[in-house]
Amino acid sequence: MPINYRFYPSLLNVFSRYVNGGNLSAQELIDSINRVPTPTTAAQERGISFEEAIVKGTHEDRFDAEIVKKVRKLLPRPIVDTQVYCQLEIDDVLFYGYVDLIGKFKAVDLKTTASYQPGRYVHNHQNLYLHALKRKGIKLMEYVITDFADVYVESYALTHPIDKQLEEIRLFKAFLDKHRPLITDKKIFVAPARMPIQVGDGSNLLALAAASIPTSGKLSFVVPCGYDSANVTPLSTGLSRPVTIGLAAGGVMLINRCGTMVLPFMTLYLTQHLHFSVTKAGVVMAVYGAGAFVGTFLGGRLTDRFGFYYIQFVSLSFGGLALLLLQFVVNFYALCGSVFVFTLFGDSFRPANQAAIAHYSDTETRTRAFSLNRLAINLGWAVGGGVGGWLASINYSFLFWADGLTCLVASLVLWLYLPAPNVTGNKLSTASMSSPQDSATSGQLSTNSPYRDTLFLGFVVCAALYFMVFMQLFSIVPLFLKEIRHMSERLIGSLMALNGLIIVVVEMALVYSLEQQKRPKIPLIVTGVILTSVSYLALTIPGDGLLSGLQIALLFILLGTLSEMLAMPFLQSFTVERSNPATRGQYLALYSMSGAFAQTTAPAFGSVMVANFGFSVHWLALAGISLVSASGFWWLGKRLAYETNSSLSPGE
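An account of the accompanying structure is given in this report.

1. Topic: the overall build of the protein chain
Counting its secondary structure elements, the protein chain contains 22 helices and six strands. For the protein chain, the proportion of its 652 residues judged to be buried stands at 58%. Accessible surface for the protein chain amounts to roughly 25900 Å². Of this, 63% is attributable to carbon and sulfur atoms.

This is the structure in structure tokens:
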């Protein structure tokens with residue numbers, strides 16, 4: 001049956017008051033339907049503050065410590081996620097909203113009241129959340145209620161009658177049709193042209209993306225229910241939310257990454273154009289990484305504070321301007337300072353962008369959402385690497401113009417075409433429930449800090465080692481191909497572009513296939529990291545033997561690309577699932593800082609190793625570091641499996 005209406009529970013509860021004689025006039029009900037602003041009462045403010053104190057740990061000292069303790073004892077353990085998006089089709093109605101918390105078997109909504117009467121929520125429309133979440137394994141809906149003097153619980157199972165709620169939905173439809181000329185909030189009605197897009201397994205991405213572009217030619221994108229954008233369309237299954245990221249990141253990220261030309265050729269620019277020594281070039285690249293390290297830390301903090309939208313915009317704008325000016329700096333020390341400032345702004349983009357992906361995706365589709373974002377990145381990388389090699393062969397300055405201008409164009413697209421969410425940070429995360437094998441990756445409480453999460457800190461260390469090896473691709477490998485294999489900048493750029501093209505063609509299908517097989521993430525990451533070790537061992541093969549230098553370089557790119565496709569999407573989705581919305585920016589920042597740390601150490605370590613021991617010894621050292629990283633991930637997988645098993649219990 002086609003969907004004609006969109007209802008959310010708080011509105012239905014207001015209508016329930018109206019039909020049950022709750023001292024509410026028809027005009028007051030219509031004002032609620034039209035979302036006419038009303039002043040927030042002191043009781044509402046207190047309720048919001050209490051929920052934030054329980055879930056986020058914000059200003060919990062304002063409330064009675066014993067009440068806070070009692071409420072937290074009633075929360076599910078482990079908490080799988082918070083602010084979980086739900087939707088349910090009831091005849092021609094799409095019922096949607098957010099439940100506060102979910103565990104493995106139950107959903108919990110926090111309530112505050114001045115005076116509590118037992119059975120208050122027996123006919124609450126939020127009880128329908130249980131039926132929306134049952135395919136996730138949720139069997140119980142609980143309300144944890146406090147009047148700030150004591151704590152109460154109401155529990156409702158799937159067998160609890162919902163006849164009254166369904167009848168009120170029927171009556172509400174009749175009320176809306178009768179008063180339709182007075183309804184100004186048209187989002188409550190679904191026009192034929194604005195029907196929800198139904199997505200299956202996510203295989204036809206281009207058709208789905210095309211379906212989100214109106215005939216006027218102006219780019220739009222689909223956002224989750226709960227936003228005030230005029231283009232809100234409730235979504236269904238599969239890749240619906242990753243498509244949001246595909247359109248947002250696919251526009252912004254693709255434009256931005258098409259201009260990624262300075263980083264792959266930075267070492268060559270420093271040694272061939274500015275005639276710096278390999279050691280000095282390594283220092284500049286280390287400063288590049290230091291700026292990225294600080295930038296990602298600040299980006300994560302600021303994302304949790306101000307939201308991902310504005311951090312992305314500021315990062316792209318100032319990063320683009322800094323790139324345009326960087327080409328005019330030739331003094332070694334001034335260049336170090338300028339590079340630091342550029343990466344400080346540029347890399348604050350990382351955690352903000354990853355938080356945006358996490359915000360719009362759920363656990364079932366999150367790895368594919370990251371893969372779709374990486375598809376845009378690598379498609380841009382393929383274009384940028386190929387064009388960059390051609391531009392570098394003409395004049396290195398063209399690299400800075402192309403990179404800087406595409407950053408500015410990306411910021412302009414973000415500003416003009418993507419509406420800013422009306423929330424900050426990740427308060428309304430649409431993340432859903434984790435799969436059973438990943439349930440232990442979520443924090444026990446959303447107030448957990450990544451800096452106190454010892455398992456995640458170990459994960460970050462292993463990721464940093466992996467990134468340090470992987471990022472030799474951008475610093476030492478181009479130098480090796482130029483000086484030892486005597487390849488031109490154009491050929492080196494083509495090899496870099498091949499890496500991106502393979503990811504564009506293969507990664508989404510590979511990730512989808514692995515997710516359908518319900519493969520746990522850690523073993524896939526371990527396999528990817530081991531392949532990185534093998535790829536660097538391939539570079540030790542003499543170029544005048546059975547394989548030519550070009551064939552060895554191709555083998556390295558193929559193995560390294562397969563490694564990247566197995567490891568990186570799952571590293572990102574693991575990080576999101578380990579976090580909770582209140583600390584997601586900090587978790588993603590710490591994860592991104594591992595990459596920034598690698599950017600700092602990789603060129604410095606590589607230049608010192610090459611200068612003192614040569615390329616072959618350096619490749620062997622990198623292979624060894626990869627194996628250490630893989631061993632660490634393997635051990636973490638064992639610990640996480642133990643944590644999962646120990647947290648399982650018959651009930652919650």
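Following the structure, the description resumes.
2. Quick look at the packing of aromatic side chains
The geometry of an aromatic ring pair comes down to the distance between the two centres and the angle between the two planes. A full pass over the atoms with the stated rule returns 35 aromatic pairs. Where Tyr 536 meets Trp 619, the ring centres are 5.8 Å apart and the plane angle is 35°; that geometry is what we call tilted. With Tyr 536 in helix H19 (residues 521-538) and Trp 619 in helix H22 (residues 615-647), this residue pair connects regions lying 83 residues apart in the sequence. Here the two residues Tyr 536 and Trp 619 agree in accessibility, since each one is buried. What links up through ring pairs into an aromatic cluster is the set Tyr 5, Phe 7, Phe 15, Tyr 18, Phe 172, Phe 175 and Phe 189. Directly above the aromatic system of Phe 189 lies the positively charged group of Arg 180, at a separation of 3.8 Å from the ring centroid. Against the face of Phe 332 rests Lys 280, its NZ or CZ located 4.9 Å from the ring centre.

3. Overview of helix H6 (residues 163-178)
Here H6 contains 16 residues, and its C-alpha end-to-end distance of 23 Å stays within 8% of the 22 Å for a straight helix at 1.5 Å per residue. Considering only its buried residues, H6 is in contact with strand E1 (5-7), helix H1 (9-19), helix H2 (26-33), strand E2 (81-90) and strand E3 (93-102).

4. Considering the pattern of salt bridges
The tally for this structure, following the rule as stated, stands at ten salt bridges. The salt bridge involving Arg 35 is made with Asp 185; its shortest N-O contact spans 2.8 Å. On the criterion of sequence distance, the pair formed by Arg 35 in the loop between H2 and helix H3 (42-56) and Asp 185 in the loop between H6 and helix H7 (205-211) is long-range, its members being 150 residues apart. Judged by relative accessible area, which is 9%, Asp 185 ranks as buried. A salt bridge links Glu 142 to Lys 106; the shortest N-O distance between them is 3.1 Å. Here Lys 106 lies in strand E4 (residues 106-112) and Glu 142 lies in strand E5 (residues 140-146), a separation of 36 residues in the sequence. Lys 106 gets classed as buried once you look at its relative accessible area, which sits at 5%.

5. Structural notes on the nonpolar core
With 88 residues, the main nonpolar core has Phe 459 and Phe 633 as its most contacted residues. In this structure, Phe 633 is in contact with Phe 459, Cys 462, Ala 463, Ile 522, Ile 525, Val 526, Val 529 and Leu 571, ignoring residues within four places of it in sequence. Among the nonpolar cores identified, the runner-up in size contains 44 residues, and Val 14, Tyr 143, Phe 175 and Phe 189 belong to it.

6. Observations concerning the packing of helix H16 (residues 454-470) against helix H17 (residues 472-483)
Contact pair H16 / H17: the axes reach a minimum separation of 6 Å and the direction vectors enclose 30°. Taken together, H16 and H17 sit at an angle that is classed as roughly parallel. Every residue of H17 that contacts H16 at Met 468, Val 469 and Phe 470 is listed here: Gln 472, Leu 473 and Phe 474. Taken together, the residues that form the contact of H16 with H17 break down as five nonpolar, one polar and no charged.

7. Things to note about the environment of Val 99
Checked against the element boundaries, Val 99 lands in strand E3. The spatial distance from the C-alpha of Val 99 to the C-alpha of Thr 82 is 7.4 Å, given a sequence separation of 17 residues. With sequence-adjacent residues up to four places away left out, Val 99 is seen in contact with Thr 82, Gln 83, Val 84, Cys 86, Ala 107, Val 108, Asp 109, Tyr 129, Leu 133 and Met 141.

8. Here we look at unusual backbone geometry
If a residue is not glycine, its phi is most likely negative; likewise, a peptide bond is most likely trans. In the segment running from Arg 77 into Pro 78, the intervening peptide bond is cis, with an omega of -5°. Structurally, the position occupied by Pro 78 is in the loop between helix H4 (65-73) and E2.

9. Overview of the environment of Ser 626
Position of Ser 626 relative to the elements: it lies in helix H22. On a C-alpha basis, the gap between Ser 626 and Leu 465 in space is 6.9 Å, while along the polypeptide they are 161 residues apart. Not counting residues within four places of it along the chain, the set of residues in contact with Ser 626 comprises Val 469, Val 529, Thr 532 and Ser 533.

10. Here's the deal with the environment of Ser 10
Structurally, Ser 10 is set in helix H1. We classify Ser 10 as partly exposed; its relative accessible area is 44%. With 87 residues separating them along the chain, Ser 10 and Gly 97 place their C-alpha atoms 8.9 Å apart.

11. A look at a nonpolar patch on the surface
A cluster of nonpolar side chains, namely Leu 325, Phe 328, Val 383, Val 387, Trp 390, Ile 394, Phe 398, Trp 401 and Leu 405, defines an oily patch on the protein surface of about 870 Å² accessible area. Elements with a minimum of two residues in the nonpolar patch: helix H14 (363-394) and helix H15 (397-417). Residue position: Ile 394 is located in helix H14.

12. Some remarks on the pairing of E2
Of all ten residues making up E2, eight are buried, and the element is well covered by its neighbours. As judged from the nine bridges shared by E2 and E3, these two strands associate in the antiparallel manner. Note on E3: the bridge partner recorded for Glu 89 is Leu 94. Between E2 and E3, which pair antiparallel one after the other, the connecting turn spans two residues, and Asp 91 there sits at a positive phi close to 55°.

13. Re helix H18 (residues 489-516)
Taking 1.5 Å per residue, 28 residues should reach 40 Å; H18 reaches 41 Å between its end C-alpha atoms and fits that length. Remark: the principal bend of H18, roughly 45°, maps to Val 506. Downstream of H18 by one or two residues, Lys 518 has phi in the positive range, about 60°.

14. Overview of the side chain of Ser 317
Of note, Ser 317 is situated in helix H11 (residues 308-326). Each residue touching Ser 317, except ones within four places of it in the same chain, is listed here: Leu 408 and Ser 411.

15. Remarks on the packing of helix H10 (residues 278-306) against helix H21 (residues 584-613)
The contact between H10 and H21 brings their axes to 7 Å, and the two run at 175°. Comparing their axes, H21 and H10 come out roughly antiparallel.

Analysis parameters
Residues numbered from 1 in each chain as written. Predicted model: local features only at pLDDT ≥ 70, side-chain atom pairs only at ≥ 80, totals over all residues. Heavy atoms only, no water. Helix = DSSP H or I, 4+ residues; strand = E, 2+ residues; numbered from the N terminus. Buried < 20%, exposed > 50% of the residue type's maximum accessible area, 1.4 Å probe, protein only. Areas by Shrake-Rupley, 256 points an atom, 1.4 Å probe, with all protein chains shown as cover. Phe/Tyr/Trp six-rings, centres within 6.5 Å; stacked < 30°, edge-to-face > 60°. Lys NZ or Arg CZ within 6 Å of the ring centre and 35° of its normal. Expected span 1.5 Å × (residues − 1). Contact = heavy atoms within 4.5 Å. Salt bridge = Lys/Arg side-chain N within 4 Å of Asp/Glu carboxyl O. Core = buried A, V, L, I, M, F, W, Y, C linked by side-chain atoms within 4.5 Å. Axes fitted to C-alpha atoms, helices over the stretch in contact; angles between N-to-C directions. Parallel < 35°, antiparallel > 145°, perpendicular 65-115°, else oblique. Nonpolar A, V, L, I, M, F, W, Y, C, P; charged D, E, K, R; others polar. Patch = residues over 30% accessible without salt bridge, like charges linked within 9 Å, V, L, I, M, F, W, Y side chains within 5 Å. Pairing = 2+ DSSP bridges. Bend = angle between axes of the 7 residues up to and from the residue.

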